[in-house]
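In case you want the letters, here they are:
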Amino acid sequence: MRIGEGLSFLSMIVPAKYSDSAFVATVMMEAVEIPMMEEHRVPEDHLVAICQHDDTLYSWRNASLYMVNDKPVAGLISYTGNGYHEVKVRTFKLVPPDVLDFDPFTMDDETRDGEYYLDSLAVLPEYRGRGIGTALLRHGIEIARSQGLLPILACDPENKNAYRLYCSLGFKTEGTLNIFGQEYLRMVWR
């Protein structure tokens, strides 16, 4: 089903607000395969606090939300690669060490100057399969292009559906990245 097909609702993509920080934290966790949306879990306070900062990777300022009838149902966290390493260090210093099962300071930098990184994408379960994730990815690509930056993302090689979607949008595999202790495909939009 495509966006809005068979449904009557008002939908749009908007920049997140500070008050959306908990939803942004949920998007971040869902994207790293911690199923908060399916389980209707509330993100922990320290995760929400990271998203409330103006200068972290997962800041509310870096999120675009897909809204249906004024309710966020999906989100994309994306940002410029300029100065990525410093922002990564600042972000992960805010995470309590006992929460992580990997060393964030030894993982590869996911993006670099001149790029725009589509970091985390998640859609509420009841809205999946309607093209909302695709719409958010296209939105991220347009933001990148409007800034003269190259859109990139990382794809779990085991996630064949995501890989097919990214390829259909024009992303090509250009190497690998070690992120969160796992190998990901580095995909560049061409």
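Our structure is the block above this text.
Below is a short write-up of the structure. No experiment lies behind these values; they were computed from the predicted model shown.

A closer look at unusual backbone geometry
With phi around 50°, Asn69 is a residue other than glycine that occupies positive phi space. If you trace the backbone, Asn69 turns up in the loop between β2 (63-68) and β3 (71-80). Positive phi, close to 65°, is recorded for Asp70, a residue that is not glycine. Structurally, Asp70 can be placed in the loop between β2 and β3.

Re the pattern of salt bridges
Considering all chains together, one arrives at eight salt bridges under this definition. Of the charged contacts in the structure, one is a salt bridge between Asp54 and Arg61, with a shortest N-O distance of 3.0 Å. Judged by relative accessible area, which is 48%, Asp54 ranks as partly exposed. With a shortest N-O distance of 3.6 Å, Arg112 and Glu115 are connected by a salt bridge. Taking the relative accessible area as the measure of exposure, Glu115 reaches 4% and is therefore buried. What emerges from the salt-bridge pattern is a single network uniting Arg112, Glu115 and Arg186.

Here's the deal with the pairing of β3
With eight of 10 residues buried, β3 lies mostly within the body of the structure. Where β2 lies against β3, six bridges are found, and the strand directions are antiparallel. Residue Tyr66 lies in a different strand from β3, and its bridge partner there is Ala74. Between β2 and the antiparallel strand that follows it, β3, lie two residues; Asn69 among them carries a positive phi value of about 50°.

A short note on the layout of surface pockets
Volume-wise, the largest pocket comes out at about 910 Å³. If you trace the largest pocket, you find 38 residues lining it, with Ala31, Leu121, Asn159, Ala162 and Tyr166 closest to the centre. Listing elements by their share of the lining of the largest pocket, those giving two or more residues are α1 (21-31), β4 (115-123), α5 (132-146), β5 (150-155) and α6 (160-168). Here the lining of the largest pocket gets seven residues from one element, more than from any other, and that element is β4. Residue composition of the lining of the largest pocket, grouped by class: 23 nonpolar, seven polar and eight charged. Computed from the structure, the second largest pocket encloses a volume of approximately 500 Å³. Those elements that place two or more of their residues in the lining of the second largest pocket are α1, α3 (45-52), α4 (84-93) and β7 (182-189). Looking at the lining of the second largest pocket element by element, the count peaks at three residues for α3. Across the lining of the second largest pocket, the residue classes break down as 16 nonpolar, three polar and four charged.

Considering the sheet that holds β3
Taken in spatial order, the seven strands line up as β1-β2-β3-β4-β5-β7-β6 in an open sheet, and their pairing is mixed. Edge positions in the sheet fall to β1 (11-15) and β6 (171-179), since each has one partner strand and no second. The average undirected angle you get between the axes of adjacent strands in this sheet is 30°. Note that β1 and β2 share five bridges and pair antiparallel. Considered in β2, the bridge of Pro15 is made with Ser64. Here α1 sits on the sheet in contact with β2, β3 and β4, set at roughly 70° to β3.

Some remarks on α4
Inspection of α4 places Tyr84, Val87, Lys88, Thr91 and Phe92 among the buried residues, and these make up the whole buried set. End-on, the buried residues of α4 take up no more than an arc of 125°, which puts them together on one face. Set apart from the buried face of α4 by more than 90 degrees, the exposed residues are Glu86 and Lys93. Where α4 is buried, its residues contact α3 and β3.

Reading guide: rules and limits
Residues numbered from 1 in each chain as written. Predicted model: local features only at pLDDT ≥ 70, side-chain atom pairs only at ≥ 80, totals over all residues. Heavy atoms only, no water. Helix = DSSP H or I, 4+ residues; strand = E, 2+ residues; numbered from the N terminus. Salt bridge = Lys/Arg side-chain N within 4 Å of Asp/Glu carboxyl O. Buried < 20%, exposed > 50% of the residue type's maximum accessible area, 1.4 Å probe, protein only. Pairing = 2+ DSSP bridges. 1 Å grid on protein atoms, 1.4 Å probe; cavity = no way out; pocket = protein on both sides within 12 Å on 5 of 7 lines; lining within 4 Å. Points joined across faces, edges and corners; volume = space filled by probe spheres on them. Nonpolar A, V, L, I, M, F, W, Y, C, P; charged D, E, K, R; others polar. Axes fitted to C-alpha atoms, helices over the stretch in contact; angles between N-to-C directions. Contact = heavy atoms within 4.5 Å. Arc of directions from axis to C-beta.

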